[in-house]
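Below, each chain spelled out in residue letters.
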Amino acid sequence: MLKKRIIFTLLYGDGQFMLSRNFRLQRVGNLDWLERHYNFSHISFFVDELVVLDVTREKRDFDDFCEMLRHLSRGCFMPIAVGGGIRSLDQARELLRSGADKILVNTPVFDHPEFVRRLVSEFGQQCVVASLDLKKNSAGTHQIWVDSGSRRLEDSASKWIQWILEQSVGELYLNSIDQDGTGQGYDFSILDQLPSNFPIPVILAGGAGNAHHLATGIADCRVDAVATAHLFNFIGDGLEKARKELITSGIELPLWIPPINDQKVNLI
Amino acid sequence: MKNRITVIDYKMGNICSVLNALTYLGYSASVSSDCREILDSNVLILPGVGSFRRAMMTLCQTGLDQAIVEAVIDKGSKILGICLGMQLLAQSSTEDGKTRGLGLIPANVERFKQDGLNGLKVPHIGFNQVTSESDSILFKDLPSQVDFYFVHSYRILPAGLPGKAAHCCHGETFLAAYEWDNVFATQFHPEKSQTNGLKLLKNFLLEVSPEK
């Protein structure tokens, strides 16, 4: 049986990892800081997948992002999806050669669908994740916001999602701007924007603050993976504990023997 | 003689991830798209992400297809195909129109059958349970049912294959891993399957290259 996944999302910009709350960013530290304070290569053994997003708002430093990815991926043995500002096949290729396994696209899904189709034909459907940022308007209807949540698209989110299905992307990453970084739990109403029997995997993001939130996300039959970007709530031994808690409570997560502290796995 | 490990680079693999795993396990490997170097290596790793047809076109244009077959069949080099790399070892695939493969695994690659899926999704993405045979080299000291990370829309059916097969189920039972003499292959990504995958790679490396 295919198991559901827990995804950790890292936000990176201007050389720093970031916390986001309703899309307002706060710097927390660079790669050294992440490694020193949180022993990232150890805690990465407690997640099923990693998403790394370049959330730089102004001028992105693509080479720095690739360099960070090469370092980060050295000790990570799980799939890594990478996104943020990817606008050319060459950029995608370079990221895939720097440790990424999948390419995540957000604004180009709507502004440049022909580019997304080229990504799919070049690297395969399984390699391309469409990421959508959703927000409820005053009438209670969900709409999609692009360009780091700064520009609202006309039409409802459900109408766009129907259209995205024709673009042959491999997965859908649904993030709630309203819940983002609040730690108050997922917005399950964003899942109501999906047609029934949605044919590709769905990742639910935005709002998870504890193990219970992850569990309720996993329990929803429309969800294939749950993501959290809440650096402070889950880092340290937070993810390790959350994972153990979920497995103990009977949720079928992928199983493997994690290494003990900094020891390499007892592989020999 | 020290065995030489070469990761075959045809510009479509997640080379970096495979090398990271080898380095973690204490092995060094060269990356090459040079036919002579491929023929000089006794251990080959063929990774791969992307479309079968495009990959075969690249392999044929560069002559790598013949070099790989010659290394494995005539010189007895050992090969591990990963994901698309496993599919390329098969006889053919129906992805983007029927395309000939390297012919080292006597099987054909086809898309998951829609009618068997019953609401299951394609691409098949995520960790799924793999059942192996007890005397497998790749799965030595791993539980008989163990989770590995998959990401694919096409698969090989295990019926009638010589050699040892490990199975996985996604609507239908398909070939998750394979070993037959000097040909080894996994449909899943061992380099992306946490310590389960590192252990499997270690088993492969110990079998083919006992010295680091």
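Residues numbered from 1 in each chain as written. Chains lettered and ligands numbered in written order. Predicted model: local features only at pLDDT ≥ 70, side-chain atom pairs only at ≥ 80, totals over all residues.

**Digging into the overall build of chain B**
- Across its full length, chain B carries 6 helices and 13 strands.
- In summary, chain B has a C-alpha radius of gyration of 16 Å against a globular reference of 17 Å for 212 residues, a match within 12%.
- Taken across its 212 residues, chain B has 54% of its residues classed as buried.
- The long-range share in chain B, meaning contacts at least 24 apart out of those at least 6 apart in sequence, stands at 69%. (Helix = DSSP H or I, 4+ residues; strand = E, 2+ residues; numbered from the N terminus. Rg over C-alpha atoms; globule rule 2.2 N^0.38 Å. Buried ≥ 20, exposed ≤ 12 C-beta atoms within 10 Å, placed from the backbone. Contact = placed C-beta atoms within 7 Å.)

**Structural notes on the pairing of strand E7 (residues 105-111) of chain B**
- Of the strand pairs in this sheet, strand E5 (residues 90-93) of chain B and E7(B) are connected by 3 bridges, and their pairing is parallel. If you follow Ser93(B) over to E7(B), its bridge partner there is Val109(B). (Pairing = 2+ DSSP bridges.)

**Some words on helix H7 (residues 157-164) of chain A**
All names here are of chain A.
- Within the sequence span of H7, burial applies to Ala157, Trp160 and Ile161. Seen end-on, H7 carries its buried residues on one side only, within an arc spanning 100 degrees.
- Packing partners of the buried residues in H7 comprise strand E7 (128-136) and strand E8 (142-146). (Arc of directions from axis to C-beta.)

**Side note on helix H1 (residues 15-24) of chain B**
- The buried count for H1(B) comes to 7 of 10 residues, which makes it a mostly enclosed element.
- Listing the buried residues of H1(B) in full gives Ile15(B), Cys16(B), Ser17(B), Val18(B), Leu19(B), Ala21(B) and Leu22(B).
- The inward-facing, buried residues of H1(B) contact helix H3 (62-73) and helix H4 (89-97) of chain A together with strand E1 (5-8), strand E2 (30-32), strand E3 (43-46) and helix H6 (194-208) of chain B.
- Phi turns positive, to about 90 degrees, at Gly26(B), one or two residues after H1(B).

**Digging into the pairing of E8(A)**
All names here are of chain A.
- Burial within E8 is extensive, with 4 of its 5 residues counted as buried.
- Sheet topology places E7 next to E8; 4 bridges connect them, and they run antiparallel. In the strand pairing of E8, Lys136 is matched with His142.
- Between E7 and E8, which pair antiparallel in sequence order, lie 5 residues; one of them, Gly140, sits at a positive phi of approximately 85 degrees.
- In this sheet, strand E9 (residues 151-152) lies alongside E8 in antiparallel orientation, the contact comprising 2 bridges. By the bridge assignment for E9, Trp145 is matched with Arg152.

**As for unusual backbone geometry**
- Cis peptide bonds are those with omega within 30 degrees of zero, and the linkage from Val122(B) to Pro123(B) qualifies with 5 degrees.
- Positioned with a positive phi, Phe23(A) is a non-glycine residue whose angle comes to about 75 degrees.
- Within the secondary structure, Phe23(A) sits in the loop between strand E2 (16-21) and strand E3 (24-29).
- Despite not being glycine, Asp96(B) shows a phi value in the positive range, around 55 degrees.

**Quick word on the packing of helix H8 (residues 211-219) of chain A against helix H10 (residues 238-248) of chain A**
All names here are of chain A.
- Closest axis-to-axis distance for the H8/H10 pair is 9 Å, and the angle between their directions is 50 degrees. Between H8 and H10, the interaxial angle falls into the category oblique. In this structure, H8 crosses over H10, and the sense of that crossing is right-handed. On H10, the residues that touch Ala211, Leu214 and Ala215 of H8 are Ala242, Glu245 and Leu246.
- Of the residues contributing to the contact of H8 with H10, the split by class is 5 nonpolar, no polar and 1 charged. (Axes fitted to C-alpha atoms, helices over the stretch in contact; angles between N-to-C directions. Parallel < 35°, antiparallel > 145°, perpendicular 65-115°, else oblique. Left-handed = near helix turned anticlockwise from the far one by under 90°. Nonpolar A, V, L, I, M, F, W, Y, C, P; charged D, E, K, R; others polar.)

**As for the environment of Ala100(A)**
Residue and element names in this part refer to chain A.
- Mapped onto the elements of the fold, Ala100 is located in the loop between H4 and strand E6 (102-105).
- According to the C-beta neighbour criterion, Ala100 is buried, with 27 such atoms within 10 Å.
- Taking the C-alpha atoms as reference points, Ala100 and Val51, 49 residues apart in sequence, are found 9.2 Å from one another.
- Residues within four places of Ala100 in sequence aside, it is in contact with Leu69, Ile80, Ala81, Val82 and Leu95.

**What to know about the nonpolar core**
- Grouped together as the largest cluster of nonpolar side chains are 150 residues, with contacts concentrated most on Ile7(A), Tyr12(A), Leu50(A), Val52(A), Ile103(A) and Val226(A).
- Excluding residues within four positions of it along the chain, Tyr12(A) makes contact with Phe17(A), Met18(A), Val52(A), Leu53(A), Asp54(A), Val55(A), Phe65(A) and Met68(A). (Core = buried A, V, L, I, M, F, W, Y, C linked by C-beta atoms within 7 Å.)

**What about the sheet that holds E7(B)?**
All names here are of chain B.
- Within the open sheet, the 4 strands sit side by side as E6-E5-E7-E10. Their pairing is mixed. Of all strands in the sheet, those with a lone pairing partner are strand E6 (99-100) and strand E10 (154-156), marking the two edges.
- Bridging between E5 and E6 involves 2 bridges; their strand directions are antiparallel. Residue pairing in the sheet places Ser93 in a bridge with Thr99 of E6.

Keep in mind these values describe shape, not function.
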